[in-house]
Amino acid sequence: MSAPPKMRRDDKSLPQDRTLETLARGFCGRLATIGADGYPYCTPLLYIWMDGELYLHTGSARGHLRSNVEMNSRVCFEVDEPDEVFDYGRFECDSGLAYRSVVLFGTIRIVDDKAHKQRFCEALMSKYGKPGTVRPKGFFPRIDAITVYAVTVERITGKEHTLPPLSEQWPAKDRTKTPNAHAPS
């Protein structure tokens, strides 16, 4: 296997601990798989970061995602946290977005062990469940109607672009990047 590509903007790299915090905290991520026709397929999914692996689930019906996973176990997953849009220059297009993102690459497998699926469901409800609900906890009568997937991470990167202080934003500071551009008269 060839070496992974180096992150182009290493100055925006998140340390490993903050990368994992961002991943654990994220709400919805996107799982990319490869189909038999060679095309990528991207699916937004709720997820859990548990025991150093990423866990996801879908219904048990065999659709596009399941077919791809069964054909090729290599996947990519992305989650992001957008912040504010800010101006850095004098033109409308001179804007930036403060954000934090995580991209991971790995291999995916189907989790068949019922106890493991139960643990996933409990963690999922802990993260996404409605607080204060009076419904019975720890009972998942449709556990056999879902497919749980686990992703073993081979590499992971985190990236962040922080919101600059007002003193670094336009109009206090002009960081226009458009060469030879002049504001319209």
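See the structure above.
My aim in this report is to walk through the structure given alongside it, one point at a time. (Residues numbered from 1 in each chain as written. Predicted model: local features only at pLDDT ≥ 70, side-chain atom pairs only at ≥ 80, totals over all residues. Heavy atoms only, no water.)

## Brief notes about the state of the cysteines
Cut-off, in case you're wondering: Working definition: a disulfide is two cysteine sulfur atoms within 2.5 Å of each other. For each residue, the accessible area found with a 1.4 Å probe, counting protein chains only, is set against the maximum for its type, and the residue is called buried under 20%, exposed over 50%, and partly exposed in between.
This model, assessed by the stated rule, comprises zero disulfides. Of all cysteine sulfurs, the one in cysteine 42 lies closest to cysteine 28, which takes part in no disulfide; the gap is 9.4 Å. Looking at the unpaired cysteine 42, the closest cysteine sulfur is the one in cysteine 76, lying at 8.5 Å. Under the relative-accessibility criterion, cysteine 42 is labelled partly exposed at 48%.

## Remarks on the sheet that holds strand E6 (residues 146-161)
Test applied: Being paired, for any two strands, means DSSP has found at least two bridges between them. Numbering goes from the N terminus for both helices and strands, where a helix is a DSSP run of H or I of at least four residues and a strand is a run of E of at least two. Each axis is a line fitted through C-alpha atoms, taken for helices only over the stretch in contact, and angles between the N-to-C directions span 0 to 180 degrees. Residues count as neighbours in contact if any of their non-hydrogen atoms are within 4.5 Å of one another.
An order of E1-E2-E3-E6-E5-E4 is seen for the six strands of this closed barrel, with the pairing classed as antiparallel. For this sheet the average axis-to-axis angle between neighbouring strands, irrespective of direction, equals 40°. Direction of pairing for strand E4 (residues 74-87) relative to strand E5 (residues 95-111): antiparallel, over a ladder of 12 bridges. Within E5, the residue paired with aspartate 80 across the bridge is serine 101. Relative to the sheet, helix H3 (residues 114-128) contacts strand E2 (40-50), strand E3 (53-59), E5 and E6, its axis offset from that of E2 by approximately 90°.

## Some words on the nonpolar core
The test is simple: Among buried residues, the Ala, Val, Leu, Ile, Met, Phe, Trp, Tyr and Cys ones that are joined through side-chain atoms within 4.5 Å form a nonpolar core.
Of all hydrophobic cores here, the largest spans 31 residues; its most connected members are Leu23, Leu56 and Phe77. The greatest single-element share of this core, amounting to six residues, is contributed by E6. When sequence neighbours within four positions are dropped, the list of residues in contact with leucine 23 reads Tyr47, Trp49, Leu54, Phe77, Val79, Val102, Leu104, Lys127 and Ile156.

## Things to note about helix H1 (residues 16-25)
This is how the line gets drawn: The directions considered for the arc run from the helix axis to the C-beta atoms.
Buried within H1 are the following residues: Thr19, Thr22 and Leu23. The buried residues of H1 occupy an angular sector of 100° when projected down its axis, which confines them to one face.

## Some points on the environment of aspartate 94
Counting through the fold element by element, aspartate 94 comes out in the loop between E4 and E5. Judged by its relative accessible area of 3%, aspartate 94 falls in the buried class. Remark: the alpha-carbon pair of aspartate 94 and lysine 177, spanning 83 residues in sequence, is separated by 7.4 Å.

## Brief notes about the side chain of glutamate 160
To be explicit about the condition: Think of a polar contact as two N or O atoms within 3.5 Å of one another; within protein, one of them needs to be a possible hydrogen donor and the other a possible acceptor, and neighboring residues in sequence only count if both atoms come from side chains.
Relative to the helices and strands, glutamate 160 resides in strand E6. Looking at glutamate 160, its side chain comes within polar contact range of the side chain of arginine 18, at 2.9 Å.

## Digging into H3
The following threshold applies: Expected span, for any helix, means 1.5 Å times one less than how many residues it has.
Here H3 spans 21 Å end to end across 15 residues, near enough to the 21 Å set by a 1.5 Å rise per residue. Of all the positions in H3, only Lys117, Phe120, Cys121, Ala123, Leu124 and Tyr128 are classed as buried. The buried residues of H3 occupy one face: seen down the axis, they fall within an arc of 165°. In H3, those exposed residues whose orientation departs by more than 90 degrees from the buried face are Ala115 and Ser126.

## Overview of the pairing of E6
Of the pairings in the sheet, the one linking E3 to E6 comprises seven bridges and is antiparallel in character. Bridging across to E6, glycine 59 finds its partner in isoleucine 146. With 13 bridges joining them, E5 and E6 adopt antiparallel strand pairing. What sits directly across from leucine 104, in E6, is isoleucine 156.

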